[in-house]
Amino acid sequence: MTDSQDRNALKWLKQELSELIQQATEQLGDYVDNIYEGDQPQSCAELLHKIHGTLKMVQLNGASLLTEEMEGIARSLQDATEAQKKDRSEALMLALAQLPDYLEKLEKGGPDLPFSVLSTINDMRASREAPLLSETAFFAPQLTAMLEEDDGTQAHPQFPEMVKKLRVHFHKGLLGWYRQVEPEKSLRLIRQVFIRLHKASRTSAGLRFWDAAQALVAGIELEVIAPSISVKLLIAHLDRSLKQVVVDSETALRSEMSLSLMKNMLFYLAATKTDDE
């Protein structure tokens, strides 16, 4: 099916899809109003299954991927804890609110790019503690090749001790940001940690990693990167690299885990640039 045929099919199905989305939204709303009790998630999931099947049939890959994740999170509500139900319901409701706008853009000729809905998908995946998709699905910068170009400079022998001390400030800033205790001050503290690490770094891998980390936090401060569930999770996971560096110095930033974090940071930074353009 050609792209023009996809859009024509979407126009024909617009009314049916709008009704299904509205029904799914109402089911989820009733579930939330009923304090996360009832069988509405199952009904919501069945409606989303129909939406997903329709979009898959007309080969709208980005929209299909989004609704597949929406159906999955709706089905996961049944066995979730109380806290998980709240987070997952919120993520799903936001996706339901975004879906009509995305379909309208497609109908008007906009590109169906999975990349453009990946942040929403990752928010839903983060709420159910599933791996984020950015580093494996649609965004694959050649970081390994970049690291092979490292100039071979050795990390400063005192760098791990510096990271150990700064990690305390990172934890303080992260906790304050999560709890919304002077969030601007807390974000600034997190960014200052990465700025100091960047200034002290001697390796190419370190310079790139700390630069991306401080840029990500700066994007949140400037409100060009939304502090979504997946972004908050990504910031928190940077502590894993800090912990590794304390043990293995900056060579730890060549590990698969740190490369994965780097790819995720670059994804959000690249998405911000795309939005600005």
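Located above this text is the structure these notes cover.
Residues numbered from 1 in each chain as written. Predicted model: local features only at pLDDT ≥ 70, side-chain atom pairs only at ≥ 80, totals over all residues. Heavy atoms only, no water.

> Describe the overall build of the protein chain, naming the residues involved and giving the relevant values.
Looking only at helices and strands, one finds 11 helices and zero strands in the protein chain. Out of the 277 residues belonging to the protein chain, those deemed buried represent 45%. Sequence separation of 24 or more characterises 72% of the internal contacts of the protein chain that already satisfy a separation of 6 or more. Accessible surface for the protein chain amounts to roughly 14,400 Å². Of this, 51% is attributable to carbon and sulfur atoms. (Helix = DSSP H or I, 4+ residues; strand = E, 2+ residues; numbered from the N terminus. Buried < 20%, exposed > 50% of the residue type's maximum accessible area, 1.4 Å probe, protein only. Contact = heavy atoms within 4.5 Å. Areas by Shrake-Rupley, 256 points an atom, 1.4 Å probe, with all protein chains shown as cover.)

> Describe the packing of helix α2 (residues 40-57) against helix α4 (residues 82-107), naming the residues involved and giving the relevant values.
At their nearest, the axes of α2 and α4 sit 14 Å apart, and the two run at 30° to each other. By the angle between their axes, α2 is roughly parallel relative to α4. Here α2 and α4 pass one another in a crossing that is left-handed. Seen from α2, the contacting residues are Cys44, Leu48, Ile51 and Leu55; seen from α4, they are Leu92, Leu96, Leu99 and Leu103. (Axes fitted to C-alpha atoms, helices over the stretch in contact; angles between N-to-C directions. Parallel < 35°, antiparallel > 145°, perpendicular 65-115°, else oblique. Left-handed = near helix turned anticlockwise from the far one by under 90°.)

> Mind laying out the side chain of Ser258, listing which residues take part and the relevant values?
By the secondary structure assignment, Ser258 is in helix α11 (residues 256-276). The class for Ser258 is buried, based on a relative accessible area of 0%. Among the polar contacts made by the side chain of Ser258, one reaches the side chain of Ser241 at a distance of 2.8 Å. Not counting residues up to four positions away in its chain, the partners in contact with Ser258 are Phe209, Ser241, Gln244, Ala252 and Leu253. (Polar contact = N/O pair within 3.5 Å; in protein donor to acceptor, adjacent residues only side chain to side chain.)

> Describe α2, listing the residues and the values that go with them.
Compared with the 26 Å implied by 1.5 Å per residue over 18 residues, the 26 Å span of α2 between its first and last C-alpha is a close match. Taken together, the buried positions of α2 are occupied by Gln40, Pro41, Cys44, Ala45, Leu47, Leu48, Ile51, His52, Thr54 and Leu55. Immediately downstream of α2, the backbone of Gln59 shows phi near 60°, a positive value. (Expected span 1.5 Å × (residues − 1).)

> Go over helix α8 (residues 183-200) with me, naming the residues and quoting the values.
In this model α8 runs 26 Å from its N-terminal to its C-terminal C-alpha over 18 residues, within 8% of the 26 Å that 1.5 Å per residue would give. Regarding α8, the residues found buried are Ser186, Leu187, Ile190, Val193, Phe194 and Leu197. The buried residues of α8 occupy an angular sector of 115° when projected down its axis, which confines them to one face. Within α8, the exposed residues directed more than 90 degrees away from the buried face are Glu184 and Lys199. (Arc of directions from axis to C-beta.)

> Please provide a residue-by-residue account of the environment of Leu96, values included.
As for its placement among the helices and strands, Leu96 is situated in helix α4. Between the alpha carbons of Leu96 and Leu28 there is a distance of 9.6 Å; along the sequence they are 68 residues apart.

> So, the pattern of salt bridges: which residues are in play, and what are the values?
Under the defined criterion, the tally for this structure stands at nine salt bridges. Glu104 is paired through a salt bridge with Lys108; the nearest N and O atoms lie 3.2 Å apart. Residue classification places Glu104 among the partly exposed positions, given a relative accessible area of 34%. Arg191 is the partner of Glu221 in a salt bridge, and the nearest nitrogen-oxygen pair spans 2.3 Å. Of this pair, Glu221 sits in helix α9 (residues 204-221) while Arg191 is found in helix α8, placing the two residues 30 residues apart along the sequence. Assessed through its relative accessible area of 26%, Glu221 is described here as partly exposed. (Salt bridge = Lys/Arg side-chain N within 4 Å of Asp/Glu carboxyl O.)

> Run through the nonpolar core, naming residues and quoting values.
Core analysis: the biggest nonpolar cluster contains 70 residues, and Leu92 and Ile235 have the highest contact counts within it. Residues in contact with Leu92, not counting those within four places in the same chain, are Leu28, Cys44, Leu48, Met70, Ile73, Ala74 and Met124. (Core = buried A, V, L, I, M, F, W, Y, C linked by side-chain atoms within 4.5 Å.)

> Can you tell me about unusual backbone geometry, naming the residues and giving the values?
For Ile35, which is not a glycine, the phi torsion comes out positive at approximately 55°. Assignment of secondary structure puts Ile35 in the loop between α1 (3-33) and α2. For Ile35, a relative accessible area of 61% corresponds to the exposed category.

> Pulling in residues and values, what's your account of the packing of helix α7 (residues 159-178) against helix α10 (residues 229-248)?
Two numbers describe how α7 lies on α10: the axes approach to 9 Å, and their chain directions differ by 160°. One element, α7, and the other, α10, form an angle in the roughly antiparallel class. Crossing of α7 against α10: the hand is left-handed. Listed contacts from α10 to Phe159, Pro160, Val163, Lys164, Arg167, Phe170, His171, Leu174, Trp177 and Tyr178 of α7 are Lys232, Leu233, Ile235, Ala236, Leu238, Asp239, Leu242, Lys243, Val245 and Val246. For the contact of α7 with α10, the per-class residue count stands at 14 nonpolar, one polar and five charged. (Nonpolar A, V, L, I, M, F, W, Y, C, P; charged D, E, K, R; others polar.)

> Tell me about the packing of aromatic side chains, residues and numbers included.
All told, the structure shown has seven aromatic pairs when counted by the stated rule. Arranged with centres 5.1 Å apart and planes meeting at 90°, the rings of Phe209 and Trp210 form a pair that is edge-to-face. Its guanidinium or amino end placed over the ring of Trp177, Lys232 lies 6.0 Å from that ring's centre, counting from NZ or CZ. (Phe/Tyr/Trp six-rings, centres within 6.5 Å; stacked < 30°, edge-to-face > 60°. Lys NZ or Arg CZ within 6 Å of the ring centre and 35° of its normal.)

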